[in-house]
There are 2 protein chains.
Amino acid sequence: MNSNFEKGRISLKTAADLIRRKDNILILSHRNPDGDTLGSAFALCYSLLKLGKKVRVDCSDGFPERYGFLYEGYKPPAPFEPEFVIAVDTADTVLLGQKFAVFADKTDLCIDHHLSNTFYAENTLLEDCAAAAEIIYALIQELQIPIDALTAACVYTGISTDTGCFKFSNTSPNSHVIAAEMMKLGAPVRIINYLMFEKKSKGRFAVERTVYSTVEFFFDGRCSLVHIPLELIASAGTNSYEIEGIAAVPRQIEGVEIAFTLFERSDGSYRVSVRSSDDFDSSGIAKAFGGGGHFAAAGCTVAGNFEEVRSRLLAETGKLFAK
Amino acid sequence: MNSNFEKGRISLKTAADLIRRKDNILILSHRNPDGDTLGSAFALCYSLLKLGKKVRVDCSDGFPERYGFLYEGYKPPAPFEPEFVIAVDTADTVLLGQKFAVFADKTDLCIDHHLSNTFYAENTLLEDCAAAAEIIYALIQELQIPIDALTAACVYTGISTDTGCFKFSNTSPNSHVIAAEMMKLGAPVRIINYLMFEKKSKGRFAVERTVYSTVEFFFDGRCSLVHIPLELIASAGTNSYEIEGIAAVPRQIEGVEIAFTLFERSDGSYRVSVRSSDDFDSSGIAKAFGGGGHFAAAGCTVAGNFEEVRSRLLAETGKLFAK
């Protein structure tokens, strides 16, 4: 537990009161922006504009084209000195990104759903829920601002992307209830679902093809291992959505209990994602190589060429299966 | 429109009244059972058992192991002469399957969500919604029967599988609202989502691997074509979930407007699934080969070896792109 424990943690009502009194608002998304941080930022922006406020959304890494439907009609106002800075879905100052690192100790309000939040902001509205967009929805309700179809699209996108389209274990009844509301308010979910969950970019397709073509099985199919070469990562981008979630795939195959995905690095090492069933601790394996993480998902970096890294990982796995 | 148009179509209330008066009930799922027909059948069964009725669920093709969590605690009663036969999610008598064809003109009540329903039953409760399980839920509510966690799991499975986990365009606000209710009532959605949408059987994995390894692109990436060889289909089963939905994959790749999936048949022909973007009519292509279907999804059977079938399909595609 850090020393900032719950410093400045405020209620929904207090957050709404704070926002009501402020103008010239800058809303920041986290770096490597995803559907939740962008959906949350723009839903809040469109809502505050309805109150006649001057509002701007920004992100260290810009807005990816993939989420164009959230912002293509958005016209940012002329540059202004922000009076109130809100960071959404941003658990730590490092996630503000280089461009906005300057706001690390100048964030007036952080709206977040990560329990790992470091309470770096003056005020923090934190709820343990599936998506920051769920909190934004509650806030808009609290502020009694009507929700139009575009705002509904933003909220829906935040919730649906952070829950893997209502599939991940973070999905709550409330996630579904809000989704139903957003559909009723005109969120074009058919298009959103197509863009977010069906359409595969050529880069993503290439990565998935590599997973299928390189996967190897060991220990009677209880362990799977995938090799993603450097050139593929370089063309897709390391933190891109092309790579996102790919480590889950080799673990999904029937019978697999421990899965490794090896991402080649340019320095002669591999970044290794470990995934495991309920019976094996991924973080234990990762720790053996100086890494860490959670029970079901962990990671480490292992030096060596592919054959060396693979045999070291398999040796560790063999010990676990032998127990 | 067939001559039976809406013959015996009844309201939810009438259906509930009918069921209340009957005992010794046989509930039939459609052949090649899926999550909706089984979820609906067992949700209704578990609910009617609570009214003290004798109830049995059956299916021409038995109950696939994949859906074991819906029925593993179910103990069918000793054989009895059914007084009242209910078919769920079964639009046409042919879908009753060979074993239960005898009930083609003896179905007392059909509960269905397909607008193509032929009104073969004495009474039909038909609603235009995402899943038969949504109607079953409304019926259980109408009958004022409390819903336990297992029944909630059945309803949730019906809705989530027929909507591709809330991703397909048939998903309605009501689909989400019921899902939220089922979660609150204890449906173990984490396990259900894993089993239905994450876990890949070895057969499914083999089919997907083939899609990725055989896909070819034509016309500057506007057309994709996949070849599923006979031995793979034979080991997976033609109508199995291993094959289900696979034709959607080559169409999902960025830039693809027309996608063909060629399933080899033992008689020297190919069953061809056609998928297209909003700009091209799949059924037009299928019709050119004596097939048919919808705008976005159609099918036909084309005689010839792979190279012959492929070149005939591409010739037809070229005509469309040239327009």
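Residues numbered from 1 in each chain as written. Chains lettered and ligands numbered in written order. Predicted model: local features only at pLDDT ≥ 70, side-chain atom pairs only at ≥ 80, totals over all residues. Heavy atoms only, no water.

Q: It is not clear to me how the overall build of chain A should be interpreted in this structure. Could you clarify?
A: A count of helices and strands for chain A gives 11 helices and 11 strands. By the compact-globule yardstick of 20 Å for 323 residues, chain A fits well, its C-alpha radius of gyration being 21 Å. Counting only C-alpha atoms, chain A reaches 65 × 45 × 35 Å along its principal axes. Within chain A, the proportion of its 323 residues that are buried is 54%. The contacts of chain A with a sequence gap of at least 6 include a subset with a gap of at least 24, amounting to 64%. Only carbon and sulfur atoms are counted for the fraction: they give 50% of the accessible area of chain A, which is about 13,600 Å². For chain A, the distance from the average site of its 33 positive side-chain charges to the average site of its 41 negative ones is 2 Å. (Helix = DSSP H or I, 4+ residues; strand = E, 2+ residues; numbered from the N terminus. Rg over C-alpha atoms; globule rule 2.2 N^0.38 Å. Buried < 20%, exposed > 50% of the residue type's maximum accessible area, 1.4 Å probe, protein only. Contact = heavy atoms within 4.5 Å. Areas by Shrake-Rupley, 256 points an atom, 1.4 Å probe, with all protein chains shown as cover. Lys, Arg positive; Asp, Glu negative; His and termini not counted. Charge placed at Lys NZ, Arg CZ, Asp CG, Glu CD.)

Q: Is there a simple way to think about the pattern of salt bridges in this case?
A: Pairs can form between side chains of opposite charge once their charged atoms are near each other. Enumeration according to the criterion identifies 30 salt bridges over all chains in this entry. With a closest N to O distance of 2.9 Å, Arg204 of chain B and Glu208 of chain B form a salt bridge. Within this pair, Arg204 of chain B and its partner Glu208 of chain B are both found in helix H8 (residues 202–214), separated by 4 residues, close to a single helical turn. Accessibility classification places Arg204 of chain B together with Glu208 of chain B in one group, the buried group. Counted as one network, the salt bridges with shared partners bring together Lys13, Asp17 and Arg20 of chain A. (Salt bridge = Lys/Arg side-chain N within 4 Å of Asp/Glu carboxyl O.)

Q: Quick question: what am I supposed to make of the sheet that holds strand S3 (residues 84–88) of chain B here?
A: Backbone-to-backbone hydrogen bonds pair the strands of a sheet. The strands run either parallel or antiparallel. Residues and elements named next belong to chain B. What the 5 strands build is an open sheet, ordered S2-S1-S3-S4-S5; its pairing is parallel. Lying at the two open borders of the sheet, with one neighbouring strand each, are strand S2 (55–59) and strand S5 (123–126). Direction aside, neighbouring strands of the sheet carry axes that sit 20° apart on average. Of the strands in this sheet, strand S1 (25–29), S2, S3 and strand S4 (109–112) touch helix H2 (residues 35–49), which is tilted by about 165° from S1. (Pairing = 2+ DSSP bridges. Axes fitted to C-alpha atoms, helices over the stretch in contact; angles between N-to-C directions.)

Q: What is the right way to look at the state of the cysteines in this model?
A: The term disulfide refers to a covalent linkage connecting the sulfur atoms of a pair of cysteines. Residue and element names in this part refer to chain B. Applying the stated criterion across every chain yields a total of 0 disulfides over all chains. Summary of cysteine pairing: Cys59 is not part of a disulfide, and the nearest cysteine sulfur, belonging to Cys45, is at 14 Å. Taking the relative accessible area as the measure of exposure, Cys59 reaches 1% and is therefore buried. Among the cysteines around Cys110, which has no disulfide bond, Cys129 carries the closest sulfur, lying 12 Å off. (Disulfide = S-S within 2.5 Å.)

Q: What am I meant to see in unusual backbone geometry here?
A: Trans is the prevailing form of peptide bonds, just as negative phi is the prevailing case for residues other than glycine. All names here are of chain B. Despite not being glycine, Gln144 shows a phi value in the positive range, around 55°. Mapping Gln144 onto the fold places it in the loop between helix H4 (132–142) and helix H5 (149–162). Judged by its relative accessible area of 70%, Gln144 falls in the exposed class. For Cys165, which is not glycine, the phi dihedral falls at a positive 55°. Tracing the chain through its elements places Cys165 in the loop between H5 and helix H6 (173–184).

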